[in-house]
Amino acid sequence: MKVVVLGAGIIGVTSAYQLAKAGHEVTVIDRQQGPALETSFANAGEVSFGYCSPWAAPGIPMKAIKWLFMHHAPLILRPKVDGAMLSWLVKMLSNCTSERYAINKSRMLRLADYSRISLAELRKETGIAYDERMQGTLQLFRTQAQLDASAKDVKALAADGIPYEVLDPDGCVGVEPALRHVRGKIVGGLLTPKDETGDCFKFTNALAAKAIELGVKFQYGTMIKGLDVEGSQVRGVMTNLGRVDADAIVVALGSYSPLLLKPLDISLSVYPVKGYSLTIPITDASRAPESTVMDETYKIAITRLGDRIRVGGMAEISGYTNDLGLARRRTLEHSVTDLFPGGDVAKASFWSGLRPMTPDGTPVIGPTKIKGLFLNTGHGTLGWTMSSGSARVISDLVSGRKPDIDATDLAISRYA
Ligand SMILES: Cc1cc2nc3c(=O)[nH]c(=O)nc-3n(C[C@H](O)[C@H](O)[C@H](O)COP(=O)(O)OP(=O)(O)OC[C@H]3O[C@@H](n4cnc5c(N)ncnc54)[C@H](O)[C@@H]3O)c2cc1C
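Given the structure is predicted, the values throughout are model-derived calculations rather than measurements. (Residues numbered from 1 in each chain as written. Predicted model: local features only at pLDDT ≥ 70, side-chain atom pairs only at ≥ 80, totals over all residues. Heavy atoms only, no water.)

### Structural notes on the packing of aromatic side chains
And then number 1: Evaluated as defined, the whole model comprises 10 aromatic pairs.
And then number 2: Geometrically, the ring pair formed by tyrosine 276 and phenylalanine 350 is stacked, given 5.8 Å between the ring centres and 20° between the ring planes. Residue tyrosine 276 is found in strand β14 (residues 271-281), and its partner phenylalanine 350 is found in strand β18 (residues 349-357); the two are separated by 74 residues along the sequence. Here tyrosine 276 and phenylalanine 350 have matching classes, each one buried.
And then number 3: Grouping aromatic residues by their ring pairs yields a cluster made of Trp88, Tyr256, Tyr271 and Tyr320.
And then number 4: The ring centre of tyrosine 256 lies 4.2 Å from the NZ or CZ of arginine 31, which sits over that ring. (Phe/Tyr/Trp six-rings, centres within 6.5 Å; stacked < 30°, edge-to-face > 60°. Helix = DSSP H or I, 4+ residues; strand = E, 2+ residues; numbered from the N terminus. Buried < 20%, exposed > 50% of the residue type's maximum accessible area, 1.4 Å probe, protein only. Lys NZ or Arg CZ within 6 Å of the ring centre and 35° of its normal.)

Below is the structure:
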């Protein structure tokens, strides 16, 4: 089958690789000049299978109000006259109940666990390297209140059978030796030892090269304008460089996916939630992290990627803009230098990306009402983590096979 994948981010490239392995003739189209040049470029580098839960959770509305007014705020809201933003916010708030949270989290965990297995297999079969490490995520608490509040996370991890360790300050230093310099600032930590880290940009590029070996064609520098649908069957893609024929299409355009689908009367609630990162060259490895440390105070992830520290976080709801604000840079600098001053912050590169967020945190993977048109998008905060499993699910569905995990409640039909 001729399958066209729209988007060459982590989701599009992993999908293309699996589709090629399944024997399809695959073309990937992207407006950029290479893979992973938008949201998959400089994310926080966590591959956190255990730390996988929706942002929409009980208690979040009250916490959000507090976060909005914090110095070094983890949440920034720039309200505007935007129906999509308003509708997404309302839907997100309606997912903040215990019942919805439990359903959404179980879907995410199912996909994350499948991704853990799929990524390990992918690593083995391709041998690609991406500054990967397998040393877990340490959630770091600076106050007793944070440590106390983590009791419900511990309960959830235990219920889901995910390995974890509750650590005192010495235990945290044992896992992340550089924290010995700031031991006095730490009250405790929660370690999910099965989590991994790695550079999503390096991984996507290396996998794209493997996909080319399997025969995948990449058409870069091409703006996707619309879809050609005949009756209820998709037939091709319209681009600024002409039409591309397709028997099946996988939409993996991240935050831009809903814009393509709107003219087809497919309402996909994915909204861009902007985040920022700094990539800092390490000058003193003894003061750098070994893996990922989640600073619970600022909701910022600090990750070791080879000879660099990647620090990423913040959620800014401000529409489709990648503007870089100095205040956001200061927040990242503050969080990282406070714990791991082992890098040259002046030489750091500053970046922003748009997380393609669904209101329920779960990506949208599966068919649409149009025959041959499939979605693999809306991976929000954890697209790198969930990419490998999502790719196998979509490849199976396009190929008419039953996926290894239940995928019925991952499709857009769950919103019907
Ligand atoms: C600050 C930050 C930190 C993060 N940290 C983590 C983390 O630690 N772990 C984790 O798992 N996830 C993390 N994420 C989330 C993760 O990065 C995303 O979920 C993931 O990158 C989304 O991948 P994607 O392929 O769907 O989107 P993208 O990477 O944005 O790919 C979409 C592609 O579509 C193309 N495109 C869009 N519209 C068009 C068009 N009209 N024509 C042609 N091409 C088009 C774009 O050029 C782009 O290449 C983080 C995100 C941010 C912003």
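### Looking at unusual backbone geometry
Both trends apply: most residues other than glycine have a negative phi, and most peptide bonds are in trans.
And then number 1: For alanine 36, which is not glycine, the phi dihedral falls at a positive 55°.
And then number 2: The class of alanine 36 is buried, set by a relative accessible area of 2%.

### Here we look at the layout of surface pockets
In this approach the atoms are scanned with a rolling probe the size of a water molecule, which exposes any empty space left behind.
And then number 1: Here the second largest pocket is characterised by a volume of approximately 310 Å³.
And then number 2: Lining the second largest pocket we find 16 residues, and of these Ala84, Pro258, Lys262, Leu268 and Val270 sit closest to its centre.
And then number 3: Mapped by element, the contributors of at least two residues to the lining of the second largest pocket are α3 (83-94) and α9 (257-261).
And then number 4: Looking at which element gives the most residues to the lining of the second largest pocket, the answer is α3, with 5 residues.
And then number 5: A per-class count over the lining of the second largest pocket returns 9 nonpolar, 4 polar and 3 charged.
And then number 6: For the lining of the second largest pocket, the domains that each give at least three residues are domain 1 (2-40 + 202-269 + 361-415) and domain 2 (50-97 + 132-195 + 270-357). (1 Å grid on protein atoms, 1.4 Å probe; cavity = no way out; pocket = protein on both sides within 12 Å on 5 of 7 lines; lining within 4 Å. Points joined across faces, edges and corners; volume = space filled by probe spheres on them. Nonpolar A, V, L, I, M, F, W, Y, C, P; charged D, E, K, R; others polar. Domains from an automatic or database assignment.)

### Some details on the site of the ligand
And then number 1: Taken together, 33 residues lie around the ligand, and Asp30, Ser40, Glu46, Gly380 and Thr385 are the ones closest in.
And then number 2: A distance of 3.0 Å separates a nitrogen atom of the ligand from a polar backbone atom of arginine 31.
And then number 3: Between an oxygen atom of the ligand and a side-chain N or O atom of threonine 39, the distance comes to 3.2 Å.
And then number 4: Burial of the ligand by the protein amounts to 97% of the accessible area it has alone, namely 1000 Å².
And then number 5: Counting only elements with at least two residues in the shell around the ligand, the list comes to α1 (10-21), β14, β18 and α11 (383-398). (Near = heavy atom within 4 Å. Polar contact = N/O pair within 3.5 Å; in protein donor to acceptor, adjacent residues only side chain to side chain. Areas by Shrake-Rupley, 256 points an atom, 1.4 Å probe, with all protein chains shown as cover.)

### Observations regarding the sheet that holds strand β13 (residues 248-251)
Whenever strands of a sheet pair, they do so through backbone hydrogen bonds, lying parallel or antiparallel.
And then number 1: The strand order across the open sheet built from 6 strands is β9-β2-β1-β13-β20-β19, with neighbouring strands paired in mixed fashion. Two strands close off the open sheet at either side, each with one partner strand: β9 (217-219) and β19 (364-367). In this sheet, neighbouring strand axes are inclined to one another by 20° on average, regardless of whether the strands run parallel or antiparallel.
And then number 2: Bridge analysis of strand β1 (residues 2-6) against β13 gives 4 bridges, and the strand direction is parallel. Opposite valine 5, over in β13, you have valine 250 as the bridge partner. (Pairing = 2+ DSSP bridges. Axes fitted to C-alpha atoms, helices over the stretch in contact; angles between N-to-C directions.)

### Concerning the packing of α1 against helix α4 (residues 98-126)
And then number 1: Two elements in contact, α1 and α4, have axes whose closest approach is 13 Å; the angle formed by their N-to-C orientations is 65°. On the basis of the axis angle, α1 is roughly perpendicular to α4. When the axes of α1 and α4 are compared, the crossing they make is left-handed. Here Tyr17, Gln18 and Lys21 of α1 lie close against α4, whose contacting residues are Leu122, Glu125 and Thr126.
And then number 2: A class-by-class count of the residues in the contact of α1 with α4 yields 2 nonpolar, 2 polar and 2 charged. (Parallel < 35°, antiparallel > 145°, perpendicular 65-115°, else oblique. Left-handed = near helix turned anticlockwise from the far one by under 90°. Contact = heavy atoms within 4.5 Å.)

### Details of the side chain of serine 255
And then number 1: The residue serine 255 is located in the loop between β13 and α9 in this model.
And then number 2: Residue serine 255 is classed as buried on the basis of its relative accessible area, which comes to 3%.
And then number 3: From its side chain, serine 255 meets the backbone oxygen of leucine 354 in a polar contact 3.2 Å long.

### Considerations on the domain arrangement of the protein
And then number 1: When the domains of the protein are assigned, the result is domain 1 (2-40 + 202-269 + 361-415) and domain 2 (50-97 + 132-195 + 270-357).
And then number 2: The C-alpha centroid of domain 2 is placed 28 Å from the C-alpha centroid of domain 1.
And then number 3: Carbon and sulfur atoms make up 62% of the area that domain 1 and domain 2 hide from each other, which totals about 1400 Å².
And then number 4: Summed over the shared surface of domain 1 and domain 2, the number is 0 salt bridges.
And then number 5: Applying the counting criterion to the domain 1 and domain 2 interface returns 6 residue pairs in polar contact (both at pLDDT 80 or more). (Buried area = accessible area lost by both parts, 1.4 Å probe. Salt bridge = Lys/Arg side-chain N within 4 Å of Asp/Glu carboxyl O.)

### Some words on the sheet that holds strand β12 (residues 242-245)
And then number 1: Pairing in this open sheet of 3 strands is antiparallel, and the strands run β10-β11-β12 from one edge to the other. On the outer flanks of this sheet lie β10 (224-230) and β12, each paired with one strand and no other. Within this sheet the neighbouring strands show an average axis-to-axis angle of 30°, counted without direction.
And then number 2: In terms of strand pairing, strand β11 (residues 233-239) meets β12 through 4 bridges, oriented antiparallel. Note on β12: the bridge partner recorded for glycine 236 is aspartate 245.

### Here's the deal with the pattern of salt bridges
Two side chains carrying opposite charge are able to pair once their charged atoms lie near each other.
And then number 1: Tallied over the full model, the rule gives 29 salt bridges.
And then number 2: For arginine 31, the salt bridge identified is with glutamate 38, shortest N-O distance 2.9 Å.
And then number 3: Classification of glutamate 38 by relative accessible area gives partly exposed; the value is 27%.
And then number 4: Ionic pairing is found between glutamate 121 and arginine 392, a salt bridge with its closest N-O pair at 3.0 Å. On the criterion of sequence distance, the pair formed by glutamate 121 in helix α4 and arginine 392 in helix α11 is long-range, its members being 271 residues apart.
And then number 5: Overall, the relative accessible area of 37% leaves glutamate 121 in the partly exposed class.
And then number 6: Each member of the salt-bridge network shares a partner with another, and the members are Arg107, Arg110, Asp360, Asp409 and Arg414.

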